[in-house]
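Structural overview for review
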Amino acid sequence: MTARSIWNGTLTLGALVVPVKLFTATEARALSFREVRADDGARVRHRRVGARTGEEVPFAEIEKAYGDGSDEVVMTKDEIAAADGPRAKVVEIEHVVRAEEIDPVHYDKPYHLGARDGGAHAYRLLLAALERGGRVGIGRLVLRQRERLVALRPLQGALALQTLRFADELVPADDLDVPTPRKAPAEREVEMAGRLVDMLAGPWDPDAYRDTYRQAVMDVVAAKLEGREPDAPLPAEDRDDDLLAALEASLERGS
Amino acid sequence: MPRPIWSGSISFGLVNVPVQLYGATRDRSVRFHQVRAGTGEAIETRRVAEGSDDEVDWAEIARGWETDDGRLVVLLDEDLDRAAPERTRTVDVELFVDLEEIDPIHFDHPYWLVPRGEGEGPARAYRLLRDVLADSDRVAIGRIVIRAREQLVAIRERQGLLSLTTMRFAEEIRDPHDTGAVPTDEASAPSDAEVDDAVALLEEMTVDWDPTSYADAHRERLLALVEEKRRNGEVREPDPEDEPVPQVASKDLLAALEESLDRIRGDRKRPGTRSPAKRGGVGSSGRKPSGTEKAKAKAKKA
């Protein structure tokens, strides 16, 4: 069975043309709650109303506007779509970079790519070349009226595409106000902390982690359904403020 | 500074680092608001209780969970705090790993961590964790619950601060082969000559990663269209496509690769064109070793 693609288009690398389709790579997992009124559990509906008249406005009568006051401009769907540009259905690989150079903070939404209409051979070729070279292709994709920078890379024997945050979408560290301690940590503290990190170091195995919170919330739901009081939260544990003592105790505990 | 998204602690061993969490992204998309067609009246969203016109204040809203048999359970914030009392306040670091072992598909949302509280204690503990992560080139792995959702997190040093990135659980990520659209048949396998040429092309196109060299051209175009409409009351039809959009799969892949290589190498000879940075070889070492293989190699060394 073939899953439903969310976008059909073309990938180009130089003169190489690969017809592809795009699939979401993630599954919704978060608990989906309903908005309710706290005291009686009444469901809450969102109603679109005119700010002045208070009248409910049907969806078909709603338009998008930019700016305010006398500067406000109403834009139709077609006018907004005109910004997509002529190449909206093409992801052109503009550059190729080494995978390890991209800082993880740039990575955003992941997608899987499949081959389309006779593109299987070119798809396999591009995949094989990216796998062998340890490289990532950089291009652009317009998805839901937003242009995204994308990284094309091999993943589990398939081509994966992940949107990348533009540099100006990231808040630089300099924007934060961080107090600097008057005293740097002592050499001994740094050395002991290093040993503690070594002690807790290990290989990364993503399959070892499951969402356990979901079950915990379900337990609270079950308790409330039975009219039981859920267990009271534990008081916050007081931890030692003395860095050196805490490090010593941690190392002793671990060895 | 804006308000923190979360306040709590990071703990590793018995060391406690009080921190606050701030968003590390900003929304740069063009923001439209809704108006009523014809009248231009601004649209507001009001929350009302179902079956009535009673408006419900934000402060009166709770989360409702509907059971399979249609019963509704109201969950207040304190109920959710009871579900995972420790994790809503503390990120317990269970493991330190090498950054390159984590596949980027896991990375979700980035945040900044800053020390919380007055005095020397928090700032020094913060700095100790930051320094030890920077020195060891490792990433701390833990869990956090924010907004009624549990997430794995990776904490590391970046730009002199602690950076926290939420991570997708493996169970949230689909297998690409489940799409049914990933070709694996014998007939579509590329030849060695084709792969050699494609690797050569990738190498020719390789540059150093410079995120600041990419601007959001779509945002620029959209803002220009808004400006055009403001001035002229209308938007011109977009120009016809200036180059034909290739929609047909390449038939002769070798020919397409050779043509691309000729073009890129030809450009290079002309003065004033930028030559892609060259660093490191490609293709000689074959497949990149996976994270676990590397870890094994490391374990052996130790």
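Procedures and definitions
- Residues numbered from 1 in each chain as written.
- Chains lettered and ligands numbered in written order.
- Predicted model: local features only at pLDDT ≥ 70, side-chain atom pairs only at ≥ 80, totals over all residues.
- Pairing = 2+ DSSP bridges.
- Helix = DSSP H or I, 4+ residues; strand = E, 2+ residues; numbered from the N terminus.
- Axes fitted to C-alpha atoms, helices over the stretch in contact; angles between N-to-C directions.
- Parallel < 35°, antiparallel > 145°, perpendicular 65-115°, else oblique.
- Left-handed = near helix turned anticlockwise from the far one by under 90°.
- Contact = placed C-beta atoms within 7 Å.
- Buried ≥ 20, exposed ≤ 12 C-beta atoms within 10 Å, placed from the backbone.
- Nonpolar A, V, L, I, M, F, W, Y, C, P; charged D, E, K, R; others polar.
- Domains from an automatic or database assignment.

Considering the sheet that holds strand β1 (residues 7-13) of chain A
Residue and element names in this part refer to chain A.
- The strand order across the open sheet built from eight strands is β7-β1-β2-β9-β12-β11-β10-β8, with neighbouring strands paired in mixed fashion. Of all strands in the sheet, those with a lone pairing partner are β7 (90-92) and β8 (95-98), marking the two edges. Sheet twist, expressed as the average angle between the axes of neighbouring strands with direction ignored, equals 40°.
- Looking at chain direction, β1 and β7 are connected through three bridges and run parallel.

Observations concerning the packing of helix α3 (residues 187-199) of chain A against helix α2 (residues 120-136) of chain B
- It is at 10 Å that the axes of α3(A) and α2(B) come closest, and there the two elements cross at 60°. Judged by the angle between their axes, α3(A) and α2(B) are oblique. Considering only the axes of α3(A) and α2(B), their crossing is right-handed. Between α3(A), through Glu189(A), Val190(A), Ala193(A), Gly194(A) and Val197(A), and α2(B), the contact on the second element is made entirely by Leu128(B), Asp131(B), Val132(B), Asp135(B) and Ser136(B).

What to know about the pairing of strand β12 (residues 158-164) of chain A
Residue and element names in this part refer to chain A.
- Among the seven residues that make up β12, seven are buried, leaving the element largely enclosed by the rest of the structure.
- Alternating positions in β12 separate into two faces, Ala158, Ala160, Gln162 and Leu164 on one and Leu159, Leu161 and Thr163 on the other, with burial throughout.
- As paired elements, strand β9 (residues 107-115) and β12 share five bridges and run antiparallel to each other. By the bridge assignment for β12, Tyr107 is matched with Leu164.
- Across seven bridges, strand β11 (residues 146-155) lies against β12 in antiparallel orientation. The partner of Pro154 across the bridge, within β12, is Leu159.

What about unusual backbone geometry?
- One non-glycine residue, Asp117(A), adopts positive backbone phi at about 25°.
- Relative to the elements of secondary structure, Asp117(A) occurs in the loop between β9 and α2 (120-133).
- For Gln159(B), which is not glycine, the phi dihedral falls at a positive 50°.
- For Gln159(B), the location among the structural elements is in the loop between β11 (149-158) and β12 (161-167).
- For Gln159(B), a count of 12 C-beta atoms within 10 Å puts it in the exposed group.

A short note on the packing of α3(A) against helix α5 (residues 243-254) of chain A
Residues and elements named next belong to chain A.
- It is the contact of α3 with α5, at a shortest axis distance of 10 Å, that shows an interaxial angle of 30°. On the basis of their axis angle, the class for α3 and α5 is roughly parallel. Pair α3 / α5 crosses with left-handed handedness. Here α3 contributes Arg188, Glu189, Met192, Ala193, Arg195, Leu196 and Met199 to the contact with α5, which in turn contributes Leu243, Leu244, Leu247, Ser250, Leu251 and Gly254.
- Of the residues belonging to the contact of α3 with α5, the class tally is eight nonpolar, two polar and three charged.

Structural notes on the environment of Gly114(A)
All names here are of chain A.
- Relative to the elements of secondary structure, Gly114 occurs in strand β9.
- Given 25 C-beta atoms within 10 Å, Gly114 falls into the buried group.
- C-alpha of Gly114 to C-alpha of Val20: the two residues are 94 residues apart in sequence and 5.6 Å apart in space.

What to know about the domain arrangement of chain A
- By the assigned domains, chain A splits into domain 1 (7-29 + 83-169) and domain 2 (187-254).
- The centre of domain 1 of chain A, based on its C-alpha atoms, is set 38 Å off from the matching centre of domain 2 of chain A.

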